[in-house]
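The residues making up each chain are set out below.
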Amino acid sequence: SAVYWKNSERHILNASGTASSVFVNKSGIYISGWIGEVLRSKPVLWKNGILSILQEDGNADKIVVNGSKIYTIGKFMSKDFYLKDTLWTDNLKKN
């Protein structure tokens, strides 16, 4: 389960998910990760507990926020079935 703790209170993000990275600033709590099965996972980010799916097939490993921009780094499954590195900026894939 993807969970985080705030002020000693447990918050469940998704029962079938995995959290991989956390970033906290004045605007909130940002968490990257993935949901779903191992070979069919979807890269996601949670902002203040609200889920955003970045795309089909992949994972999100790191998250950083700079000003109003959210940068998420991870991998996606290409059409030739290889995991390829990618960067999402504000939930949009850049490569």
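Predicted, not measured: the structure shown is a model, and the values here were computed from it.

A.B. asks: Talk me through the overall build of the chain; I want residue IDs and the actual numbers.
C.D. replies: A count of helices and strands for the chain gives zero helices and ten strands. Helices (α) and strands (β) of the chain occur, in sequence order from the N terminus, as β-β-β-β-β-β-β-β-β-β. Projected onto the principal axes, the alpha-carbon positions of the chain cover approximately 45 × 30 × 15 Å. Residue burial in the chain is summarised as follows: out of 95 residues, 37% are buried. A separation threshold of at least 6 residues defines the contact pool for the chain, and within that pool the share at least 24 residues apart is 21%. Here the chain has roughly 6100 Å² of accessible surface; of this, 53% comes from carbon and sulfur atoms. Between the averaged position of the 13 positive side-chain charges in the chain and that of its 8 negative side-chain charges there is a distance of 6 Å.

A.B. asks: Tell me what's going on with the packing of aromatic side chains, and back it up with residues and numbers.
C.D. replies: The geometry of an aromatic ring pair is captured by two quantities: the separation of the ring centres and the angle between the planes. Considering all chains together, one arrives at zero aromatic pairs under this definition. Across the ring face of Phe-76, the terminal group of Lys-93 is positioned such that the distance to the ring centre comes to 3.8 Å.

A.B. asks: Explain the sheet that holds strand S8 (residues 69–77) to me, using residue names and the numbers behind them.
C.D. replies: Hydrogen bonding along the main chain pairs the strands of a sheet, whether they run parallel or antiparallel. Reading across the sheet, the four strands line up as S7-S8-S9-S10 and stay open at both edges, with antiparallel pairing between neighbours. With one partner strand each, in any of the chains shown, strand S7 (58–66) and strand S10 (92–93) form the two edges of the open sheet. The sheet contact formed by S7 and S8 spans eight bridges and is antiparallel. Note that in S8 the partner of Val-64 across the bridge is Tyr-71.

A.B. asks: Before we move on, could you go through the sheet that holds strand S4 (residues 28–35) and cite the residues and values that matter?
C.D. replies: Pairing in this open sheet of four strands is antiparallel, and the strands run S3-S4-S5-S6 from one edge to the other. Here the strands that pair on one side only, and so sit at the sheet edges, are strand S3 (17–25) and strand S6 (50–53). This sheet shows a mean twist of 20 degrees between the axes of neighbouring strands, independent of strand direction. In this structure, strand S5 (residues 42–47) lies alongside S6, joined through four bridges in antiparallel fashion. Each bridged residue has a counterpart across the sheet, and for Lys-47 the counterpart in S6 is Ile-50.

A.B. asks: Account for unusual backbone geometry, with residues named and values stated.
C.D. replies: The backbone of Asn-7 shows a phi angle near 55 degrees, a positive value even though the residue is not glycine. Among the structural elements, Asn-7 can be located in the loop between strand S1 (2–6) and strand S2 (9–14). Located in the positive-phi region is Asn-91, a residue other than glycine, with phi close to 75 degrees. The topology assignment puts Asn-91 in the loop between strand S9 (83–89) and S10. The class of Asn-91 is partly exposed, set by a relative accessible area of 29%.

Conventions adopted
Residues numbered from 1 in each chain as written. Predicted model: local features only at pLDDT ≥ 70, side-chain atom pairs only at ≥ 80, totals over all residues. Heavy atoms only, no water. Helix = DSSP H or I, 4+ residues; strand = E, 2+ residues; numbered from the N terminus. Buried < 20%, exposed > 50% of the residue type's maximum accessible area, 1.4 Å probe, protein only. Contact = heavy atoms within 4.5 Å. Areas by Shrake-Rupley, 256 points an atom, 1.4 Å probe, with all protein chains shown as cover. Lys, Arg positive; Asp, Glu negative; His and termini not counted. Charge placed at Lys NZ, Arg CZ, Asp CG, Glu CD. Phe/Tyr/Trp six-rings, centres within 6.5 Å; stacked < 30°, edge-to-face > 60°. Lys NZ or Arg CZ within 6 Å of the ring centre and 35° of its normal. Pairing = 2+ DSSP bridges. Axes fitted to C-alpha atoms, helices over the stretch in contact; angles between N-to-C directions.

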